[in-house]
Amino acid sequence: MVLRWSFCSVLQVVSALLLVLPSCCALPYILQQSYNRFRTGSHGEETILNTSSVSPDTFGKLWTYSTDGKVNAMPLYVPELDFGGSIGVRNALYVATMNGVLYCFDADRNETIWSYDVRSPELGIDVVSFIEIQRVGMDPNLPGNVYGNIGILSTPIIDFSNRTIYFVCRVKKLLPIVGSDNFTVQYGFELHARHIVTGADRYGTGRVSINATTGIASKRYGAIDKTLLFDPYLHNNRPGLAIARNQIWIAYGAIADKGAYRGWVMTYDMYTLRQTCAWVDTKSTGAGGIWQAGRAPPVDDEGFVYYEAGNGDFDGVYNFGQSFFKLSFENNNISVVDWYLPTDTGMDWAATNKLDYDVGSTGMMLIPGTDLILGSNKLGTIYILNRKNMGGEGFNNSNAYQNFANRGKGELANYVKNNYAYYNRGGCLGSWFYIWAEKMPMNAYHFNGTHFWTLPVSSTAFKGLSGTSSGGAVAVSGDGSKPGTGIVWATIPTVKGGAEANLIPGAVFAYDAEDLSRIVWNSTINQDRDDLGIFAKFVQPVVANGRVYISSFTNSGTIIVYGLNNYSSPVPPPPPPPNFSPPSVGGSFTTFDITVSPKTPCSPTYLQGSNMAFRINGTQNAELNLPRNQTYLFRLGVPCTYPFYLTTDPRGGMFDTGRITAGVSTSAAPFPEPAGVATYLNPLRQPQVIPCQDGMVTLTVVPYRWNIDGLIEFTTRAYAYDGVPQIPGPTIAMKAGKQCQIRIVNSLSKWTPVANCTYHSNTMHCPDTTNLHTHGLHVSPDQDDVTTAVRPNEQYMYHYDIPSDHLMGTHWYHAHHHGSVTLQVMGGLAGALIVEPADDYLLPADLAALYADGGTVMVFQHMMFNGNDPSTVSTAFQFMDYAKMTEAFTAANERYVTYRPAALFFSSSLKDFYAVNGQYQPAVIVQPEDVTLLRMVHATAIRFIELEMLNAAGYCTWQIVARDGVFHKPPFQTPLAIVMSAGTRTDVALRCSAAAAGRNITVRAYPNPVRDSALGTENRYTQDMVFVIVVRELGKPKVASFPTSQAPLPHYLDDLMSAQVTPSATNLKTILFSMGDGMLQTVNNVAFQGFHVPEDQRYLDTLCLENVYEYTVFPPGGGYNLTMPAGKTSAHPYHQHINHFQLVNFNNVDMAAANDIVRMGEWRDTVPAFAPNGVTFRFRPTAFTGVMVMHCHILPHEDYGMMALFNILPAGSQQCFYNGTTNSSTGGSSSSGSTAPPLYFADVSVMDNYYDPATITVYAGTNIMWTHGAEVPHTVTAGEPGEPVPSNDPNYFQGLTPSFGTQYSHTFWSVGTFPYYCEFHGAMIGTVTVVAAPTTAPAGGLRKRDVGGATTAYAPATSAGATTGIPPHIDRYASAIWQSPGANGWSYNFAYNTSAAQPVPLSYFQDPTQTVKGTRDNKYL
């Protein structure tokens, strides 16, 4: 103690340099080995356990988790995780065992939430016994350094942002020997990704087998000239996993350094689980194993990863044995960017190699707040290196930043094979580094901000015992730098002999982190109660929220939980604030200024009771997204404690919690109401905002029991982000000029099969098959691809390249699988999508001020039910006519709508209503004399909504600034109502006067009869109040006036009012929505046919880029399409993907009726086709070729067939121009000329979830080769899912591509269209179209080249003696190749068997320069 404080005055000078562990290292989130990516092994946020609260009388064993297998991996901890349902919010402990079982335990009670077992008797998969691999150069009579089975040995890692835990398991697979009852054993490793909430497979990847090859040198120190195959039998994965640069990092050494092993490092993409690189640290020699006592590699702020290698050769080029090295990952390549080779006194690396004094036994640690990194060799020499200049090679360690031996006075350094820890003790005490070697006390070394003191400042009295691996595994907890809170926790053997090859007893010690001579507690004091049992080497204690979790090898594996005996609540709340006085009538609300944000209210906020408000000064809340520095009003009926947190990123971050308690007034009378305050208040919440700018967002579609403000509850489908279901989905913020990837993961269970689910049909079908449409984006049709089908337990990645000139605007995304669009959109699968401007886009100052804070997003969603009371009617709840769509919900009560008594709001049965951001009748709080931006998204399936402000005259006005993501031209319209058809977005500028302060303005949905002549009388919605505008002073900056400026528009929105119109390929001028027999809906009297018809019948019209086209679209009963009953004609919204259109004619509609609905010359992507006169628009396809979808946005009509396709070709394509032969009233297209030339040879890649190309046209006699380029098995099976071609059919074919690189081929002789699919992955669909082979040769004829010989003369263009079935220009030469001249000419590879009934082609192939990539014809709709 004297030594520690004698330098206190000096330390005061440098105390400013001492840093509390940065946010990456704080708790209670323990997501990776050694607590954080620095690998400090320290816990800086422990508020319960301290040197006063922990004692033999208060602290001890609480319970034991029994596990299937020993635990060599460090447990991981996630607090306050919402598991949903009856489980609710729990603190979770994740434990992985050597028998291949991953557990999710409730960290606060002896309860298993879920578990996942890698072993599969059905697949013949098991973990590996150590005895099976012990024979590799080892004495079979000696125990090994692993006990029993080897399954999950390394510590997993959790990516909290995607709620995913990754782990590696060693496995063996029993493979039957053909013709025998015996089996052969295949050894391997598997990478798994599981959801931390459900335990489900995270990315649809299942078991990912770890295989690898890399380049090595065949000669010692020679050039790279050979390929090395990773041998899973020889190698072992002990280091914990790491994440850096979106990669999972996995390292390997060997079992006891036996066999021809090397040190491998592999990286896998953390989202696709595809291997991106494999690298070895000894390319021309061998050895160099990476094991690090299980320690994971540290990862610095720049994403560099640090490993250390064990015994092996070194040259600094190909071989890095016995060194510390820094790895970079760029362009799918791992490379060494820096290294340090230690050389102790009198020994070079060869000598240390021979004596086994290498550096591979501990792993490294980054020192927070510095550029320094720490490591050790087996002898206990501690090396401090500068990570930006590690030092290379220096004899006698001359190039190390600092090095010293771990020893005290009169002691010799001894072996270190365990984990150590680092702790910032704060103030003038500084940081200490703790290490416990074999046969030595635990020592603490002081770090002064730049260097370590080289003698211990504190040591334990107890010494480690003799024997290999008998040092202590160390971790530290504390409450920041508060004195008296730091505890060093350690496990250590208590019997001589060593834990390397023995199962021996151990103990747990708790030392005062400021004085290691003081034992606070240990498990031997009350051994009957607290005994650890068998010591588990290398496994650090896990300390979190007042509990200590310790692995023990007793009884084949357990986790022992220690804690305070009288501890019952993780964090007792502080006392409530003093009761506050009631405000006076008309006065302001009482305001509490706090520095934290609300996480989840513990009760609804609309209940009657006392008035309360608080101001948020902290960071924006991640769950509620409440804008900062605004006052929010809540009404609370009872005293209620609200949890809060400070940061929005809990991934190992500096995590701050607190409480605020709402008291009840002590006044006998109820609180008086300020003037104009309603009887309840439900402030509008903002959806979570997820930036996606050169990034990725994962949305998981999950079943969700949705409770809307306690008023109604039902089971539906929702988008979950970060494991949290959200209706609406989170707001995704893209940016012009940036990329965004959106992964859709379908986690819906496979409910009761529905007829026709596996085939395109204009019916309501496939309720749980989904996809994604980005409504309003101007992107490639291949990116906004609504023909994709993502079935349950499948996933799909959408890649969006947002053009640099894409206009900023408000859009939305939603499910768009034909046949289930209505159900899924009305059920909640929708969210706002904001495109932010490119950096060089100049928005006028007044508009920039309006959009500066992003505005208030308002997602309107229409809920419609059958209204049946489940207590009297036994039917499942329905949207529209979706009877029995959800029969297979597991519990009967999940199938019904539950209506809650809510007399304040509506009657006892709620059948049809609007939610705004998932709330019923919320309050939009605005300031007087301030212009607020409301970004309205009408994310609905059926209705028109007409929003009117009641009693707003003289108080509030609004203007329409933009519609469908395109700015209007000023002056901006001041409408009577905001009118939106389904799918429309409207940016509204709202301004309330000073006189409006304290008032509430009701906004209702009202179908004003003045608009009847434009909209008709159908599908228009009435609701007395949709939301309320609450006008209050909030104290934030104000935008004083409405904008008046014109925003610049990009080229794709150039004005077309005076443009020259080009006739289309069919001269089509009208688009007729019509109602057919039954429920069939049509466009131009044809129900949607999709890609299941020949190409010349698929398209409504064929267009060219940069041409201007004009169409008039009529609703049913409009134009000359008189299919609707009299009086039933109504407007139908026309929606067009990819390209906006400009309104040029309203066809004599009464503008008094249409004034609030449309504006001449405005750009839209969704517009009502007025009843009955229709609407005329123009558009210019720009930038993107491909298939453009159009449909009626009354989504049941789209599901039933009111949808069609445009085909957009490159500018100038002849197929675009009118040929004078097509009837424009039918919409039939003459686009067959756009078909790609047939091929004589085709290669198809079999990918993870698609064939590439999916659709291909070939000549009869063509051989197609399918090559496996994926990770999991696939088939190529003739027919369609559920309707395979019988094996006796002449057009039957079936092939298996079980693994990467395998192939299957088939020759097509019959003319026709042949679909095929994968039996394992039904969403994988392909089509082969076979046409008759030509009867003439290409220009210039063919030339013959004998196989293995020289090319001979040209053959004539035609050839006598051609045999039936062989194109006439192919002579009957056996084993000959005919080639046409010219680099871009056709080539043929043909062999003819004269004895066969038909010629046998080896292959036909086309020059690579002629390859045509297939379209997405394979997707189900």
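On a predicted model such as this, the values are computed, not experimentally measured, just so you know.

A. Representation of the side chain of threonine 67 in the model. Along the polypeptide, threonine 67 turns up in the loop between strand 2 (59-66) and strand 3 (76-82). By relative accessible area, threonine 67 is classed as buried at 9%. With sequence-adjacent residues up to four places away left out, threonine 67 is seen in contact with Val95, Thr97, Tyr103, Phe105, Ser556, Gly557 and Thr558.

B. A look at the nonpolar core. Among the nonpolar cores identified, the biggest contains 57 residues, and Ile1071, Phe1073, Tyr1111, Tyr1134, Phe1170, Met1190 and Phe1206 are the most heavily contacted of them. It is strand 78 (residues 1203-1209) that contributes the most residues to this core, four residues altogether. Ignoring anything within four residues of it in the chain, the contact list for isoleucine 1071 reads Val1083, Asn1084, Leu1100, Tyr1111, Thr1112, Val1113, Phe1114, Tyr1134, Met1190 and Phe1206. Counting 39 residues, the second largest nonpolar core, distinct from the first, contains Val924, Ile945, Ile960 and Val1026.

C. Spotlight on the sheet that holds strand 34 (residues 487-493). Sheet architecture is open: five strands sit in the order 1-33-34-35-36, paired in mixed fashion. Whereas interior strands pair on both sides, the edge strands pair on one side only; in this sheet they are strand 1 (42-43) and strand 36 (515-522).

D. Region of interest: the state of the cysteines. Here the structure, examined in full by the defined rule, presents three disulfides. There is a disulfide in this structure between cysteine 956 and cysteine 992, and the S-S distance comes to 2.1 Å. Disulfide cysteine 956 to cysteine 992: torsion about the S-S bond roughly 110 degrees, handedness right-handed. Placement of cysteine 956 in strand 62 (residues 956-963) and of cysteine 992 in strand 65 (residues 985-992) is noted, with a sequence separation of 36 residues between them. Covalent S-S linkage joins cysteine 1104 and cysteine 1216, the inter-sulfur distance amounting to 2.0 Å.

E. Here's a closer look at the confidence of the model for the chain. When the pLDDT values of the chain are averaged, the result is 75; 73% of them are 70 or greater. Residue range residues 1-26 is modelled with pLDDT below 50. Its contacts to residues more than four positions away, or to other chains, number 51 contacts. Considering only residues more than four positions removed or in separate chains, one finds that residues 1221-1237, a stretch of pLDDT under 50, has 43 contacts.

F. Structural context of the packing of aromatic side chains. Per the counting criterion, the structure on display carries 62 aromatic pairs. For the pair tryptophan 249 and phenylalanine 329, a centre-to-centre distance of 6.3 Å together with 75 degrees between the ring planes defines the contact as edge-to-face. Of this pair, tryptophan 249 sits in strand 18 (residues 247-254) while phenylalanine 329 sits in strand 22 (residues 324-330); the two residues are 80 residues apart in sequence, bridging distant segments of the chain. A relative accessible area of 0% places tryptophan 249 in the buried class. In this structure phenylalanine 329 comes out as buried when scored by relative accessible area, which is 7%. Where tryptophan 1266 meets tyrosine 1316, the ring centres are 5.4 Å apart and the plane angle is 80 degrees; that geometry is what we call edge-to-face. On the criterion of sequence distance, the pair formed by tryptophan 1266 in strand 81 (residues 1255-1268) and tyrosine 1316 in strand 86 (residues 1312-1317) is long-range, its members being 50 residues apart.

G. Expanded view of unusual backbone geometry. Following isoleucine 727, the chain continues into proline 728 via a peptide bond in cis, with omega recorded as -5 degrees. With respect to the helices, strands and loops of the structure, proline 728 is situated in the loop between strand 49 (724-726) and strand 50 (729-735). Cis rather than trans, the peptide bond between proline 970 and proline 971 has omega equal to 0 degrees. A positive phi angle is found at arginine 163, which is not glycine, with a value near 50 degrees. Topologically, arginine 163 is positioned in the loop between strand 10 (157-159) and strand 11 (164-176). A positive phi angle is found at isoleucine 1138, which is not glycine, with a value near 75 degrees. Residue position: isoleucine 1138 is located in the loop between strand 72 (1132-1136) and strand 73 (1141-1145).

H. Representation of the side chain of serine 129. Structurally, serine 129 can be placed in strand 8 (residues 128-129). Beyond its immediate stretch of four places on either side in the chain, serine 129 contacts Gly148 and Asn149.

About the criteria used
Residues numbered from 1 in each chain as written. Predicted model: local features only at pLDDT ≥ 70, side-chain atom pairs only at ≥ 80, totals over all residues. Heavy atoms only, no water. Helix = DSSP H or I, 4+ residues; strand = E, 2+ residues; numbered from the N terminus. Buried < 20%, exposed > 50% of the residue type's maximum accessible area, 1.4 Å probe, protein only. Contact = heavy atoms within 4.5 Å. Core = buried A, V, L, I, M, F, W, Y, C linked by side-chain atoms within 4.5 Å. Pairing = 2+ DSSP bridges. Disulfide = S-S within 2.5 Å. pLDDT = per-residue confidence, 0-100. Phe/Tyr/Trp six-rings, centres within 6.5 Å; stacked < 30°, edge-to-face > 60°.

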